[in-house]
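One letter stands for each residue in the lines below.
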Amino acid sequence: MKRLKQTLSRIDGKGYKAYKDLQGEYRFPHFQLMIDYVQGDPFAAPSRIRVRMPQSEAKIPEEWFTQPHRKVALEDWIARVWAEKAARYSFRAKGTGKSGLIGVDRPGQEILPRTAAVVTRDYVEVRVTVGLPAQGRRVLGRKAEEMLCDYLPRLVMEATPADSIDREGVEERMKLVDNQRAIRQYLKEKGWIAFIANSAVLPRESGISDRPLKGENVVEFRAPESLEVSVKVPHGSPIRGMAIRDGITLIVGGGYHGKSTLLNALERGVYDHIAGDGREYVITDAEAVKVRAEDGRRVEKVNISPFINNLPFGRDTVRFSTEDASGSTSQATNIVESLEMGASCLLIDEDTSATNFMIRDGRMQKLVAKGKEPITPFIDKVRQLYEEKGTSSILVLGGSGDYFDVADTVIMMDEYLPYEVTREAKEVARIQTNDRSREGGEEFGEVTPRKVLGKGFDPRKGKKEKVDAKGLRSIQFGSTVVDLSGVEQLVDVSQTRAIAEMMRLIGKKADGGKTLRELIEAIYAEIGQKGLDVISPFKGQHPGDLALPRKHEVAAAVNRLRTLRVL
Ligand code: ADP
Ligand code: MG
């Protein structure tokens, strides 16, 4: 600390570049400070530092981090506390640009593995960004000293050692994630897809907020008796709620009765949520994938022949490529790409589907002969998909009763509450036949894994490498921009940053010998061994603000890279 103060007083008043002299490690009474990267000027991306407190000081109980799911929950907890307190400690040092800023990557409603905080048997380390104070382009050495030698140590002591942590809060969190894990395991054992607890709050505050809707108009979830199950959990009494089994599940109901809200909650249920979110006991199999139409996207040699055949001009649909997919071809592509990655369940909403991909009724079949229609609608494939490949589907459909024939379970949303209407739907289907013929053929068809070539990945823009997230649903990769607006289960911009880094790694490993899935799984195997830091070019130092995405979203990004080439 003394050395840090000396350097700061030496560079006080000098040009901003003099701050570079700070890079290095410093010993404080209760922790170690690592200044890994110093920003080039007061407006640039802030400087990156780490504080590491040995467990001899922090004394974090081992039972909070020896099991992987608890470790994730604890690290998330510490990152949250830090982010909140750091925001308060940030002082606008009457300086230029980001002067005085102290920040830690703040988690949202989900509990994700992230790089912001790391707890090991030996230490607790937090990755912080700071704006080193400047007046114009001059170093404000005194202010920097106040920030690093006064504010920062206080923040560290308030937010890191077990003594200062809200123990009850952490204990509650541990119970929550234990229970969430138990429900996930329960679903796995049964082979089921999802669970939604009674009293869950599904609607969100607004279209741009991920927080729960509050107020007297909120209708809490309540399982219909016929679908209600009770799941034993390690803490507290068994949790009751609705189980969605494997197979084909329809969610029907009038417009504005809560169908999409239910599906959205299921989409997010692949992640665990914090207490108070309303969806903490909405648990969905982690391999469930939302698929939608996404016209305009690029497609690189995807085998969409299970759904699309005989395109005009004899275009190949076994290795289908386009720079500008239509609604139906994009939806077919999204499904097939998800299957390549091993999706367990497809989540589909009529609101974001191509109508001609979902249905083709009896009258249309009579008017437009099968030979003239390239599309085999999903309704004729959904059962084969389940029976042959084991992939379930959950479909929101208010507009077509044709699916009654192929559904295993039909749930009706009525004033935001679910009712099971499977028997009624089957009865309707029996009495009122729809007069359509099955067009699905003998079997679903081949899912063809694609081997990725390296040449499509160029991280350079001009002479420099440029790979980064541009907001939640956009990645700059070299000189191309990857549009992820159709990738709805991406929830945190730190995940997007992680995907950008992973794409860089995939580009290095891809040589036409490995499939996309193999390439991605190799990265996850390494993360499993060494932690999420491993994907960062700055591993060993402040790795940047990253959170773990699912493999599906990584694949989705690669698939949307407009320069992608496969064998
Ligand atoms: P649908 O897809 O059936 O047309 P939505 O799911 O889009 O309906 O829901 C319509 C509106 O109702 C949305 O504004 C949503 O926030 C609200 N909503 C959904 N579920 C609930 C609920 N359980 N309690 C209160 N409001 C809800
Ligand atoms: Mg809807």
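Residues numbered from 1 in each chain as written. Chains lettered and ligands numbered in written order. Predicted model: local features only at pLDDT ≥ 70, side-chain atom pairs only at ≥ 80, totals over all residues. Heavy atoms only, no water.

Caption draft 1: Structural context of the packing of aromatic side chains. Across all of its chains, the model carries nine aromatic pairs by this definition. Measuring from centroid to centroid gives 5.7 Å for Tyr 89 and Tyr 151, while their planes differ by 70 degrees, and the two rings are edge-to-face. Taken together, the residues span a long stretch of sequence, with Tyr 89 in helix α3 (residues 68–89) and Tyr 151 in helix α4 (residues 141–159) at a distance of 62 residues. Classification of Tyr 151 by relative accessible area gives buried; the value is 18%. With a centroid separation of 5.9 Å and 25 degrees between ring planes, the pair formed by Phe 357 and Phe 378 is classed as stacked. In this pair, Phe 357 sits in helix α8 (residues 355–358) while Phe 378 sits in the loop between α9 (362–367) and α10 (382–389), placing the two residues 21 residues apart along the sequence. The residue whose ring lies beneath Arg 52 is Tyr 123, and the NZ or CZ to ring-centre distance is 3.9 Å. When the ring centre of Trp 192 is taken as reference, the NZ or CZ atom of Arg 245 above it lies at 4.3 Å. (Phe/Tyr/Trp six-rings, centres within 6.5 Å; stacked < 30°, edge-to-face > 60°. Helix = DSSP H or I, 4+ residues; strand = E, 2+ residues; numbered from the N terminus. Buried < 20%, exposed > 50% of the residue type's maximum accessible area, 1.4 Å probe, protein only. Lys NZ or Arg CZ within 6 Å of the ring centre and 35° of its normal.)

Caption draft 2: Examining the site of ligand 1 more closely. For ligand 1, the set of nearby residues contains 14 residues, the closest of which are Val 219, Tyr 256, Lys 259, Ser 260 and Thr 261. Between ligand 1 and the protein, one listed contact pairs a nitrogen atom with a backbone N or O atom of Val 219 at 2.9 Å. The contact in question runs from an oxygen atom of ligand 1 to an N or O atom on the side chain of Ser 260, over 2.9 Å. For ligand 1, the protein covers 79% of the area, taking 560 Å² as the surface of the free molecule. (Near = heavy atom within 4 Å. Polar contact = N/O pair within 3.5 Å; in protein donor to acceptor, adjacent residues only side chain to side chain. Areas by Shrake-Rupley, 256 points an atom, 1.4 Å probe, with all protein chains shown as cover.)

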